Amino acid sequence: MQSDWYTHGYQKAQNARVKNETENETGGGTTMTTVHSRQEALLMAHLLRRAGFGATPYEMERALGMGYEAVIDELLNPDHPDVIPDDLIRRYHVDQSDLRNGGGAHWVYRLVMTDTPLREKMCLFWHRVFATGTTKLIQNRVVTNQIDMFREHGMGSFDDLLIELSRDPAMIMWLDNQDNHGSNINENYGREILELFSMGVGNYSEEDIKETSRAFTGWRVVNPDYMSIRMRNNTARPYGYMSWQFEYDEKDHDAGEKVILGQKGNWNGEDAVRIICEQEATAKFVARHLYHYFVADELPVPQWPHEEPRDPEAIDILCKSYFDNGHDIGAVLRTLFESEFFKDAGSRYARIKSPSEMVIGTMRLAGPIELPSEETYMADAACANMGQALMRPPSVEGWQGGTEWINTGAYVERVNFAGRILNNPDKQGVRDIIDRIKALSDGMEISSNELVDNCLEVLGPLEVLDTTSLGLKDYASKFGNLTWSDDTSSEEFDRAAVAIIQLVVSSQEYQTV
């Protein structure tokens, strides 16, 4: 079973194009921006780039019909799980089914095929904040299970999310909490939950780290000694299949009195999370991460203790929403998407796309993945080559984002990947784009300048600099006036349209979100 976009979207779009072309012939044609204002379209495109992976033409058409507030409601309240054809993946790609290849390609399939894009975008967000890697764990299944946990809890209470994270076997083994005993604490998780996951440097003391670590003693995986032996043995084997389970060992817990962030009591891990989530510093840390991810690039996280936020007023608004709504992340996201600082034209294209955003957005434009397919492997490798190896973060600090994403080699990889994915006019998504470009014309002929303008309209609408537009039109001029009145001219139009589509997704504007 595939998402609504794939099973019905293209057919609906084709029916609409047939109607539009008929109206054009009789002088009654309309374009998207005559029905919906240009500003509505630009704002909706902005929302769908940030809260998803950019809109396909059909998704944009549907969203404009719903309206901005209704789209936000739908994004924040997914009412069904993604249905993944595990039987077909098992049949054609057993290595993906068994997660032998690191798990990234398996996740790429879901990212491309989902019709609940914000939920998946939040999985990527938390994967970046709570970075956990298969590189140390050797076990791909447990990190995939962690992503499933983000999928379930990522837009709910931050308290619940931190508790689930603390119980997550991948995180326990990643940050060595299986070695955190009542008789001999290991401070690794206690330090990182304060420093990297909730509050940030400068908002706690070394004593708070120790006391928090004591609160999490006894939080471990089932039979940790045996599992550690199995994990070491597994490094000599080609694949890791283990899926650890959480358990709380009361006998290994330090039941003594603790003082965490000024609060005294016989605290356990749940109490530590409650105390952490009550802090103003936690609200600011979460708000700044959300701003960094959804609004505009911030400085790298290690600089946050020393530098003010890019927009302190926006952070204050998000902090107030955090406390007013019981630390609910979905409510904070609603505040963000409805805010003037998000809607402001100056926030558009203010972030550099992460490799995953660029890769997944381009694949969604190209159309559904038809199994068997090598594209998921190619996409996983491309993300890694661009600097974001899914499920294999460089360290517990994750990826900093911003200008870190762009260098000469990474940009070349972006251009090459987009060119490979969008090179076939018979791909479902590419064909839809080409047909919509035709539908925006007045008849069966189009100038090279109109080809560029229509392409930018269909792929967004995408706002580009004058220099970009002139460069595209200069290249397109070699095609002259184009028509699709017969098979030969239609094939020539397809070649020209594909070339312009590839150039547009190679532009600097397409690399921002």
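Please refer to the structure placed before this passage.
The rules we used
- Residues numbered from 1 in each chain as written.
- Predicted model: local features only at pLDDT ≥ 70, side-chain atom pairs only at ≥ 80, totals over all residues.
- Heavy atoms only, no water.
- Phe/Tyr/Trp six-rings, centres within 6.5 Å; stacked < 30°, edge-to-face > 60°.
- Buried < 20%, exposed > 50% of the residue type's maximum accessible area, 1.4 Å probe, protein only.
- Helix = DSSP H or I, 4+ residues; strand = E, 2+ residues; numbered from the N terminus.
- Lys NZ or Arg CZ within 6 Å of the ring centre and 35° of its normal.
- Contact = heavy atoms within 4.5 Å.
- Expected span 1.5 Å × (residues − 1).
- Salt bridge = Lys/Arg side-chain N within 4 Å of Asp/Glu carboxyl O.

A.B. asks: Would you mind going over the packing of aromatic side chains with me for this structure?
C.D. replies: Each pair of aromatic rings is reported with the distance of its centres and the angle of its planes. Applying the stated criterion across every chain yields a total of 19 aromatic pairs. Ring centres 6.3 Å apart and planes at 55 degrees place the aromatic pair Tyr-189 and Phe-197 in the tilted group. The class for Tyr-189 is buried, based on a relative accessible area of 3%. The exposure class assigned to Phe-197 is buried, which follows from its relative accessible area of 1%. On the basis of an interplanar angle of 90 degrees and a centroid distance of 5.6 Å, the ring pair of Phe-294 and Phe-337 is categorised as edge-to-face. Taken together, the positions of Phe-294 in helix H18 (residues 280-294) and Phe-337 in helix H20 (residues 329-338) put the pair 43 residues apart, joining distant regions of the chain. Cation over ring: Lys-353 sits above Tyr-510, and NZ or CZ is 3.5 Å from the ring centre.

A.B. asks: Is there a simple way to think about helix H14 (residues 188-195) in this case?
C.D. replies: Since the α-helix packs 3.6 residues into each turn, any two residues three or four apart lie on the same face. All of the buried residues along H14 are Tyr-189, Gly-190, Glu-192, Ile-193 and Leu-194. As for H14, its buried residues are in contact with helix H12 (158-167), helix H13 (169-174), helix H15 (206-215) and helix H17 (269-277).

A.B. asks: Just to check I follow, could you spell out the side chain of Ser-506 for this structure?
C.D. replies: Summarising the element assignment, Ser-506 is placed in the segment after helix H28 (487-504). Residue Ser-506 is classed as buried on the basis of its relative accessible area of 17%. Discounting residues that sit within four places of it in the chain, Ser-506 has contacts with Tyr-411, Val-415 and Gln-511.

A.B. asks: What exactly am I supposed to notice about helix H11 (residues 140-153) here?
C.D. replies: Counted at 1.5 Å a residue, the expected span for H11 with its 14 residues is 20 Å, and the 20 Å between its end C-alpha atoms agrees. Of all 14 residues making up H11, 10 are buried, and the element is well covered by its neighbours. What H11 keeps buried is the set Asn-140, Val-142, Val-143, Thr-144, Gln-146, Ile-147, Met-149, Phe-150, Arg-151 and His-153. Summarising the contacts, the buried residues of H11 are in contact with helix H8 (104-113), helix H9 (117-129), helix H10 (134-137), H12 and H13.

A.B. asks: Quick question: what am I supposed to make of unusual backbone geometry here?
C.D. replies: Negative phi characterises most residues that are not glycine, and trans characterises most peptide bonds. Note the cis peptide between Leu-371 and Pro-372, where omega equals -5 degrees. Residue position: Pro-372 is located in the loop between helix H22 (355-366) and helix H23 (375-386). Looking along the chain, the bond that leaves Gly-460 and enters Pro-461 is cis, with omega of 10 degrees. Within the secondary structure, Pro-461 sits in the loop between helix H26 (448-458) and helix H27 (466-476). Here His-327, not a glycine, exhibits a phi torsion of approximately 70 degrees, which is positive. Overall, His-327 belongs to the buried group, its relative accessible area being 11%. Its identity as a non-glycine residue notwithstanding, Met-391 has a phi of 70 degrees, on the positive side. Given the relative accessible area of 1%, Met-391 is considered buried.

A.B. asks: Please clarify how the pattern of salt bridges should be interpreted in this entry.
C.D. replies: Side chains that differ in charge, positive against negative, can pair when their charged atoms come close. What the rule picks out here adds up to 35 salt bridges. A salt bridge links Arg-392 to Asp-380; the nearest nitrogen and oxygen atoms lie 3.9 Å apart. Placement of the pair is Arg-392 in the loop between H23 and helix H24 (408-421) and Asp-380 in helix H23, with a sequence separation of 12 residues. Of the residues examined, Arg-392 reaches a relative accessible area of 24% and is grouped as partly exposed. Using a relative accessible area of 7% as the deciding quantity, one classes Asp-380 as buried. Within the structure, one salt-bridge network assembled from shared partners comprises Lys-121, Asp-297, Arg-351 and Glu-357.

A.B. asks: Quick question: what am I supposed to make of the environment of Phe-342 here?
C.D. replies: Relative to the assigned elements, Phe-342 resides in helix H21 (residues 340-343). For Phe-342, a relative accessible area of 0% gives the class buried. With 155 residues separating them in the primary sequence, Phe-342 and Ala-497 have C-alpha atoms 33 Å apart. In contact with Phe-342, not counting residues within four places along its chain, are His-46, Leu-47, Arg-50, Tyr-68, Phe-294, Val-295, Leu-336, Phe-337 and Ser-347.

These figures capture arrangement, not role.
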